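Here is what each chain is made of, one letter per residue.
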Amino acid sequence: MKLSFGILHQNIFRLTIDCGVYRDVLAMSESSSSSAATAAANKKQADLQAQYNNYKSILQQLAQKIGELESETDEHKLVLDTLKPLPVDRKCFRMIGGVLVERTVGEVIPALETNAGGVEAVLKQLVEEYRKTEEDMRNWQKKNKVQVVQGS
């Protein structure tokens, strides 16, 4: 009986040790899976932050270029408004590639109108691209449940 009891006691003891080891192993696997989950969450958050920064950078660049082209459009309009009432054979000067060139008003007005039309077309494309990128960013934010938190 004692022998059985001893064996029973050893089995119980061994079972307790095994359970203790199992608990330790389980605790280690939970902490490693927890740290793996944390690492995955941190990576996802970093990816989302990088994508958000990319969208903001693209929008900022587009807005800057739109501002430049609007300024250029205003300059073209101002020059055209100044030149239109003048006689077409009047001498005027035009800057081409950093070189001041003598022309007549009749030669310059069509070139300026063509340039102004081209600038306005590019401006329209950039505004449309800005709106599309902004809409893509909003959709991306909704899809990924991204909320912007303002820093203090």
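Please read all numbers here as calculations on a predicted model, not as lab measurements.

Calculation notes
- Residues numbered from 1 in each chain as written.
- Predicted model: local features only at pLDDT ≥ 70, side-chain atom pairs only at ≥ 80, totals over all residues.
- Heavy atoms only, no water.
- Helix = DSSP H or I, 4+ residues; strand = E, 2+ residues; numbered from the N terminus.
- Buried < 20%, exposed > 50% of the residue type's maximum accessible area, 1.4 Å probe, protein only.
- Contact = heavy atoms within 4.5 Å.
- Areas by Shrake-Rupley, 256 points an atom, 1.4 Å probe, with all protein chains shown as cover.
- Core = buried A, V, L, I, M, F, W, Y, C linked by side-chain atoms within 4.5 Å.
- Salt bridge = Lys/Arg side-chain N within 4 Å of Asp/Glu carboxyl O.
- Patch = residues over 30% accessible without salt bridge, like charges linked within 9 Å, V, L, I, M, F, W, Y side chains within 5 Å.
- Lys, Arg positive; Asp, Glu negative; His and termini not counted.
- Charge placed at Lys NZ, Arg CZ, Asp CG, Glu CD.
- Pairing = 2+ DSSP bridges.
- Phe/Tyr/Trp six-rings, centres within 6.5 Å; stacked < 30°, edge-to-face > 60°.

Help me understand the overall build of the protein, please; the structure alone is not making it clear to me.
Secondary structure summary: the protein contains two helices and two strands in total. Its helices and strands in sequence order give the protein the pattern α-β-β-α, from N to C terminus. By residue count, 15% of the 152 residues in the protein fall in the buried class. Of all intrachain contacts in the protein linking residues separated by at least 6 positions in sequence, the fraction that spans at least 24 positions is 64%. Surface exposure of the protein reaches about 12000 Å², of which carbon and sulfur atoms provide 57%.

Explain the nonpolar core here, please?
Grouped burial of nonpolar side chains is what soluble globular proteins tend to show. Residues L80, L83, C92, V105, V108, I109, L112 and A116 constitute the largest nonpolar core, which totals eight residues. With five residues, the single largest contributor to this core is helix α2 (residues 105-144). Residues within four places of V108 in sequence aside, it is in contact with L83, C92, R94 and R103. Among the nonpolar cores identified, the runner-up in size contains six residues, and L62, I66, L69 and L123 belong to it.

So what exactly am I meant to see when it comes to the pattern of salt bridges here?
Summed over the entire model, instances satisfying the criterion amount to eight salt bridges. With a shortest N-O distance of 3.5 Å, E68 and K65 are connected by a salt bridge. On the criterion of helical spacing, the pair formed by E68 and K65 is a turn pair, its members being three residues apart in helix α1 (residues 2-83). The partly exposed category is assigned to E68, whose relative accessible area is 40%. Assessed through its relative accessible area of 40%, K65 is described here as partly exposed. Because the salt bridges share partners, they merge into one network encompassing E134, E135 and R138.

Before we go on, may I ask you to explain a negative patch on the surface in this structure?
Together, E70, E72, D74 and E75 line one region of the surface with negative charge. In this fold, E72 is placed in helix α1. The exposure class assigned to E72 is partly exposed, which follows from its relative accessible area of 34%.

Just checking my understanding: could you explain the environment of L62 for this structure?
By secondary structure assignment, the location of L62 is in helix α1. Overall, the relative accessible area of 8% leaves L62 in the buried class. The contact partners of L62, leaving out residues within four places of it in the chain, are L126, E129, Y130 and T133.

Before we go on, may I ask you to explain the side chain of Q141 in this structure?
Structurally, Q141 is set in helix α2. Given a relative accessible area of 15%, Q141 falls into the buried group. Other than its neighbours up to four places away in sequence, Q141 contacts Y52, V146 and V148.

Got a minute to help me understand the pairing of strand β2 (residues 99-104) in this structure?
For a regular strand, side chains alternate in direction, first toward one face of the sheet and then toward the other. Where strand β1 (residues 91-96) and β2 come together, six bridges link them in antiparallel fashion. Within β2, the residue paired with I96 across the bridge is V99. Hairpin connection, β1 to β2: the antiparallel pair is bridged by two residues, and G97 has positive phi, about 60°.

I would appreciate a short explanation of the packing of aromatic side chains in the present structure.
With the rule as written, the count across this model stands at one aromatic pair. On the basis of an interplanar angle of 50° and a centroid distance of 5.6 Å, the ring pair of Y55 and W140 is categorised as tilted. Pair noted here: Y55 is in helix α1 and W140 is in helix α2, with a separation of 85 residues, a long-range link. The burial state of Y55 is the same as that of W140; both residues are buried.

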